[in-house]
Amino acid sequence: MLTVNDLLARVQTLNSLLDAQKSVPVTGLAALDKAQTGELSFLSSPKYRRQLAHTQASVVLVKEVDRAACPASCVALVVVDPYLAYALLSHLFDSVPSATGRLADTAQIDPSATVAAGVTMGPYAVVGRGVVIGPGAEVGAHCFIDDFAVIGAHTRLQARVTVAHRCVLGAHCVIQSGTVIGSNGFGYAPTETGWQAIAQLGRVLIGDRVEIGANCTLDRGAIEDTRIDSDVIIDNLVHIGHNVQIGARTALAGQVGVAGSTHFGPSCSAGGQAGFTGHIEIAANSHFTGQAMVTKGTTEGGLYSSGLPAQASKDWRKMVARVRQLETTMARLGALEKLIEDTE
Amino acid sequence: MLTVNDLLARVQTLNSLLDAQKSVPVTGLAALDKAQTGELSFLSSPKYRRQLAHTQASVVLVKEVDRAACPASCVALVVVDPYLAYALLSHLFDSVPSATGRLADTAQIDPSATVAAGVTMGPYAVVGRGVVIGPGAEVGAHCFIDDFAVIGAHTRLQARVTVAHRCVLGAHCVIQSGTVIGSNGFGYAPTETGWQAIAQLGRVLIGDRVEIGANCTLDRGAIEDTRIDSDVIIDNLVHIGHNVQIGARTALAGQVGVAGSTHFGPSCSAGGQAGFTGHIEIAANSHFTGQAMVTKGTTEGGLYSSGLPAQASKDWRKMVARVRQLETTMARLGALEKLIEDTE
Amino acid sequence: MLTVNDLLARVQTLNSLLDAQKSVPVTGLAALDKAQTGELSFLSSPKYRRQLAHTQASVVLVKEVDRAACPASCVALVVVDPYLAYALLSHLFDSVPSATGRLADTAQIDPSATVAAGVTMGPYAVVGRGVVIGPGAEVGAHCFIDDFAVIGAHTRLQARVTVAHRCVLGAHCVIQSGTVIGSNGFGYAPTETGWQAIAQLGRVLIGDRVEIGANCTLDRGAIEDTRIDSDVIIDNLVHIGHNVQIGARTALAGQVGVAGSTHFGPSCSAGGQAGFTGHIEIAANSHFTGQAMVTKGTTEGGLYSSGLPAQASKDWRKMVARVRQLETTMARLGALEKLIEDTE
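Residues numbered from 1 in each chain as written. Chains lettered and ligands numbered in written order. Predicted model: local features only at pLDDT ≥ 70, side-chain atom pairs only at ≥ 80, totals over all residues.

Chemist: Before we move on, can you summarise the interface of chain B and chain A with the specific residues and values?
Modeler: In this assembly, 62 residues from chain B lie in contact with 59 residues from chain A. For the side of chain B that touches chain A, the elements supplying multiple residues, two or more each, are β19 (180-183), β20 (188-190), β21 (195-197), β36 (293-294), β37 (302-305), α5 (313-324) and α6 (326-343) of chain B. Looking at which element gives the most residues to the side of chain B that touches chain A, the answer is α6 of chain B, with five residues. Of the residues in the side of chain B that touches chain A, the class split is 27 nonpolar, 27 polar and eight charged. Sheet analysis places strand β38 (residues 311-312) of chain A next to β37 of chain B, joined by two bridges and oriented antiparallel. Residue pairing across strands places Gln311 of chain A opposite Ser305 of chain B, the latter belonging to β37 of chain B. (Contact = placed C-beta atoms within 7 Å. Helix = DSSP H or I, 4+ residues; strand = E, 2+ residues; numbered from the N terminus. Nonpolar A, V, L, I, M, F, W, Y, C, P; charged D, E, K, R; others polar. Pairing = 2+ DSSP bridges.)

In structure tokens, the structure reads:
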């Protein structure tokens, strides 16, 4: 059974607690308005402040400013950043199956591969020639790691991940189920009768602490490498074209697509389904709202958007018609202006 | 060989047939204008009514109103809803490999898992600790069902499906190949140097008769559960974020994306590539056209849309320019108005 | 070690070389501005012409017109189409693991399947009843090929590809990792309480030399077949609905979605994330820019577009407001026109 004391070992609190408070049991984690006795909660955004007074949680992570508003029934843990503290503590309650440090009997590992101590490998994983897997790494069931790929220390591949030949993943990465790293880029030369595929000679190079969601596709470079820098986070079903570079700390939400040879500076973000044309440069700290249609690079950080938000279809149909009439509308306006100018 | 009599066992007809009609052989299923002798067809939409008189089909599902227009060569099966009758009868002609009720030798099932009678399991499937699989369920080749997941009775997982730990699927569901149920939601707290992942403690709870397409991703909840209610149908490559709730009977078409914590009421639908921002509430019976960019919730049902349909690029470029000039256009209009007001 | 002579065996040059030039070693392939001594490069687009004079490459593919501008240090290979020559020669430098022509011990092949000579099959591949695999084909690790599917000669399936029952792939195709061919189309008849699935009786028929990216989904036809004609190229995460037909030589970029029963003529293309509604006809040589929202068919070839490109969010918000005011703006314009007409 966890107690408040176990939490204190993981987050730095700004207040001191009584021994009785330290021994309060903590059984789970819940939102302020849903928490029951025994549960840990947190107040991060001011908009939930009203919930604090009525929470049934036994322990709450709060900023100094909210400490006084905690109910007496509740142990307040004062921290600088309650959301970050919640993130850190959430792992105490995780039920994800833990790594076994064993290689499944049915994992097929080429004798030329180098598998470090403490690697966990699931059933039916396949590891090719010359692959290097760092200490503490996890390779899920049915993963396919092709020849000469490198998996860094403590990097976790969930079930059914493909890492193509020669791709390199850094340390402490997480790659979720179904993702393909090192697919061939969409590079073809037109011929008289169809297309001649261009061999995709580059790799995908992934830094440290990169997290990539499920069923993503990251193309290997055509000549040079596709590059995902450290601390990048990528959601599900994201497509990264060949030769793309994603700068450190950038966050890409679900179903984002980045066409070939586009480069992101560090600390950018893109909302879900945003699409980036190829061969453009995105400046550091550029942020894009969901479904943005990004056809040009940015030269400075900032927030960028496109699209007309959904509305009732009958209003939308009128709006589309009005936009389509703009050409004639502006001609009418010009005619009026001329008329008035002439009469003056 | 199937006969009309076999069809009658599956759909309720409003007309009675002669014995000679009941023994007509039925060899396949085809559209009215393509059907050959021996084939079954149907007339559902009035726009195909003209094809009825000339159809070569031997058997046709029709509404009462269309009965008289059936050619004499044709056995008319009068039903309330020909499209639904076609859907029911289509399964008679399906060639999908049937379940064997056997567990493949190479399926690796943890001894602590509970596998009911009559379960079919394909080669190289992996079933973790404490998993429960209901009677008549099918688990395809290379599926990975992680610890303590539950698969309801008669639910079918095609090849290469991932069901993460503790996720729960109801009865009579179909999950197509490559789909990942229970991926980790995109939840991170920013730190000074990057991102701290938040443990995703919730599950994915899926009701009964839910059908999910290929290569979808459904994230588990951050604290509470992601919930897909009964009778929901989801097409391929759809992304469902963490904590999302999809109300009963809702239909989501291909490549739809739903960001975290958004809730759909029952009986909604979304066209292909529609995108939903996070933390919004979609009222029951809300319908969205394809590529809709949904940034706000709806408080009542209805049809919602966004986007400007594609047109010839030279017209599109002009249109974009005109929209970009709206600010100055409206200033010009205001100036004219003022001028005229002043002169009056 | 490769020499220029090896290159000459693969591309037809328009100039003749000295023996000394033919024996120049070629160690790799690089862009003009990055190439080192020993490397091959190419000049295709005029916009890189300035780089030619300074390239360190030992061999350059050029058009006749650029021959004189090659540095003296460099062997010029004059060809009609340098980009196509580069594409052809790139394969000399590819490090993709080569086919072994062997069937892995753990590949599970039904005894009724026909596997031609020289087929390569990876570990844990599963091949169903009556499947036919042509000579020289490659079936990656963890592939699942269901009953009665046909894989043409020299077609390559990367790891973790699903080919559903009865689907037919032609010769010399490439299907990348995670792609699902023959998923069930999104076909349901509404019932009073939910949905009745329609059996998807058609197949997916794929021509020769078709290349399909990673994690795509191609639905089988409802009654007739879904059809991908020869020489089509499809990027990652593309969704093809049931009954779709894609004409020869068409190219679909990443995350494109094509709804059911839409037909493309030959030699079309679609940029990333473009979406096509169902039941429309796209004329030959129709090209669509990225994110195009295609709601109507085209009757002639040409370039089609939609969408408003991303801009700074504060400008975007104004633009959205202006578009929303168009109804009243036009009323104001009409009122002015009337006023002036009345005063005239």
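So much for the structure itself; the text now carries on.
Chemist: For the relation of the copies chain C and chain B, give the residues involved together with the corresponding values.
Modeler: Each copy superposes on the other: chain C lies on chain B with an RMSD of 0.1 Å after a rotation of 120° and an axial shift of 0.0 Å. Seen this way, the second copy is the image of the first under a three-fold rotation axis. Comparing interface residues between copies, only 18% of those in chain C also sit at the interface in chain B, which points to a heterologous contact through distinct surfaces. (Least-squares fit on C-alpha atoms with pLDDT ≥ 70 in both.)

Chemist: Describe the environment of Ala274 of chain A, with residues and values.
Modeler: Residue and element names in this part refer to chain A. Considering the arrangement of structural elements, one finds Ala274 in the loop between β32 (269-270) and β33 (275-276). For the pair Ala274 and Gln291, spaced 17 residues apart in sequence, the C-alpha to C-alpha distance is 3.9 Å. In contact with Ala274, not counting residues within four places along its chain, are Val256, Phe288, Gly290, Gln291, Ala292 and Val294.

Chemist: Give a description of the domain arrangement of chain A that names residues and reports values.
Modeler: Once the domains are mapped, chain A shows domain 1 (2-93), domain 2 (108-304) and domain 3 (313-343). Put simply, the middle of domain 1 of chain A and the middle of domain 2 of chain A, counted by C-alpha atoms, are 37 Å apart. (Domains from an automatic or database assignment.)

Chemist: Explain the sheet that holds strand β29 (residues 251-252) of chain C to me, using residue names and the numbers behind them.
Modeler: What the 11 strands build is an open sheet, ordered β38(B)-β37(C)-β35(C)-β32(C)-β29(C)-β26(C)-β23(C)-β18(C)-β15(C)-β12(C)-β9(C); its pairing is mixed. Edge positions in the sheet fall to β38 (311-312) of chain B together with β9 (120-121) of chain C, since each of these pairs with one other strand and no more. Taken together, the two bridges between strand β26 (residues 233-234) of chain C and β29 of chain C define a ladder with parallel strand orientation. Counterpart to Ile233 of chain C in the pairing with β29 of chain C is Ala251 of chain C.

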